[in-house]
Amino acid sequence: MTRQYLVAGNWKMNGSLKANAELLSGIAAQAATVADVELMVCPPSVYLDSVGRALSAGVALGAQNLSEQAKPGAFTGEVHGTMLVEFGCRYVLVGHSERRALYGETDQRVAEKYQTAQTLGLIPVLCIGETLEERESGATELVLSRQLDAVLDRCGIASFQSAVVAYEPVWAIGTGKTASREQAQAAHAFLRGLLAGRDAKIAGSTRLLYGGSCRPDNAHELFSCADIDGGLIGGASLKASDFLAIAAAAQSLSKA
Ligand code: 13P
């Protein structure tokens, strides 16, 4: 099954009005050269409005987080999904490892966020991945299945018809240490197998992104793996030329 590549930039807690404008004009200048690839950017929430207005055609807007609450209300500091929709978001990251590790998001909470996102019409990008300690102790598959099953058990396999999964090994995030082609493909094949255990057709169409020190010099190798359908890019998404070079790797592999 052919899946369109998705290359998404997670800006994390970076940016300024000036830096964002420069980054977006750099992306706009070259976006047409990667027309077969879906591009998406996830700025910090305070910039969603201005970034949404400045985005070039064909680049989707995503948020980095949302509240799990079904309805807006007295939840100081939180952002509700209806607000993200109002500002043009199509996607929202849920369960990024930084949210899990630094802000105590449990598998359960992540599953709630995923469900709320979908209920409100947002496409959740479910981030999962093991720590170095977990990998070295041979627990990678256990951790991946625990994180994925929490969502599958709550929302069902049908929900993956409109969801994206991002495999982000924690030890590769921001470290410059990328998963090898073999490690990444093995994890992605494992995840697709878990989905296929519930529904093979849905598993075949769910996009699985790789994230963790993905750069222009390794993107092609990673994206050429059978079960890798794009990337969730951190550091390299803050530089238009790097982000576009990564998208160009996906473009060169597109079967459009
Ligand atoms: P880096 O690309 O900076 O390693 O970050 C990956 C990531 O966490 C994207 O969500």
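From a predicted model like this one, the values you see are computed outputs, not experimental measurements.

A. Representation of the overall build of the protein within the structure. A count of helices and strands for the protein gives 11 helices and eight strands. Computed over the C-alpha atoms, the radius of gyration of the protein is 17 Å, within 12% of the 18 Å expected from 2.2 N^0.38 for a compact globule of 256 residues. Taken along its principal axes, the extent of the C-alpha atoms in the protein is 45 × 45 × 35 Å. Going through the 256 residues of the protein one by one, you find that 52% of them count as buried. Looking at the protein alone, contacts between residues at least 24 apart form 73% of all its contacts between residues at least 6 apart. Treating the 22 positive side-chain charges of the protein as one cloud and the 26 negative ones as another, the clouds have centres 3 Å apart.

B. Helix H1 (residues 17-30), seen in detail. The end-to-end C-alpha separation of H1 is 21 Å, in line with the 20 Å expected for 14 residues at 1.5 Å each. Asn20, Leu23, Leu24 and Ile27 are the residues of H1 that are buried. Around the axis of H1, the buried residues are gathered within 95 degrees of arc, so they sit on the same side. In H1, the exposed positions angled more than 90 degrees off the buried face are occupied by Lys18, Glu22 and Ala29. Tucked inside the fold, the buried residues of H1 contact strand S2 (38-42), helix H2 (48-54), strand S3 (59-63) and helix H11 (240-253).

C. Seen up close, the state of the cysteines. Scanning the entire structure with this criterion turns up zero disulfides. Cys155 takes part in no disulfide bond, and the closest cysteine sulfur, belonging to Cys127, lies 15 Å away. Just so you know, Cys214 is unpaired, no disulfide at all, and the nearest cysteine sulfur is the one on Cys225, 11 Å from it. Judged by its relative accessible area of 4%, Cys214 falls in the buried class.

D. Local environment of the side chain of Ser67. Position of Ser67 among the secondary structure elements: in the loop between S3 and helix H3 (81-86). Overall, Ser67 belongs to the buried group, its relative accessible area being 3%. A polar side-chain atom of Ser67 sits 2.9 Å from the main-chain amide nitrogen of Gln69. Beyond its immediate chain neighbours, meaning those up to four positions away, Ser67 contacts Glu78, Val79, His80, Lys113 and Thr116.

E. Expanded view of the nonpolar core. Core analysis: the biggest nonpolar cluster contains 66 residues, and Val7, Leu39, Val41, Leu126, Phe160, Tyr210 and Phe223 have the highest contact counts within it. Per-element tally for this core: the top contributor is H11, with eight residues. The contact partners of Phe223, leaving out residues within four places of it in the chain, are Tyr5, Val7, Cys214, Ile228, Gly230, Gly231, Ile246, Ala249, Ala250 and Leu253. Formed by 14 residues, the second largest nonpolar core is a distinct cluster that contains Leu6, Ala60, Tyr91 and Val125.

F. Expanded view of helix H8 (residues 181-196). Here H8 spans 22 Å end to end across 16 residues, near enough to the 22 Å set by a 1.5 Å rise per residue. Turning to H8, its buried residues number three or more, namely Ala184, Gln185, Ala187, His188, Phe190, Leu191, Arg192 and Leu195. Next to the buried residues of H8 lie strand S5 (123-128), helix H7 (140-155), strand S6 (164-167), helix H9 (200-205), strand S7 (207-210) and helix H10 (219-223).

G. Examining the packing of aromatic side chains more closely. Evaluation of the coordinates by the stated rule reveals three aromatic pairs. Their ring planes at 35 degrees and their centres at 5.5 Å tell us that Tyr114 and Phe160 sit as a pair that is tilted. Note that Tyr114 is positioned in helix H5 (residues 107-119) and Phe160 in the loop between H7 and S6, a separation of 46 residues in sequence. Judged by its relative accessible area of 0%, Tyr114 is buried.

H. How the structure looks around the packing of H7 against H8. The contact between H7 and H8 brings their axes to 11 Å, and the two run at 35 degrees. Remark: the crossing between H7 and H8 carries right-handed chirality. Facing Glu141, Leu144, Ser145, Leu148 and Leu152 of H7, the residues of H8 in contact are Ala187, Phe190, Leu191, Leu194 and Leu195.

What counts, and where the lines are drawn
Residues numbered from 1 in each chain as written. Predicted model: local features only at pLDDT ≥ 70, side-chain atom pairs only at ≥ 80, totals over all residues. Heavy atoms only, no water. Helix = DSSP H or I, 4+ residues; strand = E, 2+ residues; numbered from the N terminus. Rg over C-alpha atoms; globule rule 2.2 N^0.38 Å. Buried < 20%, exposed > 50% of the residue type's maximum accessible area, 1.4 Å probe, protein only. Contact = heavy atoms within 4.5 Å. Lys, Arg positive; Asp, Glu negative; His and termini not counted. Charge placed at Lys NZ, Arg CZ, Asp CG, Glu CD. Expected span 1.5 Å × (residues − 1). Arc of directions from axis to C-beta. Disulfide = S-S within 2.5 Å. Polar contact = N/O pair within 3.5 Å; in protein donor to acceptor, adjacent residues only side chain to side chain. Core = buried A, V, L, I, M, F, W, Y, C linked by side-chain atoms within 4.5 Å. Phe/Tyr/Trp six-rings, centres within 6.5 Å; stacked < 30°, edge-to-face > 60°. Axes fitted to C-alpha atoms, helices over the stretch in contact; angles between N-to-C directions. Left-handed = near helix turned anticlockwise from the far one by under 90°.

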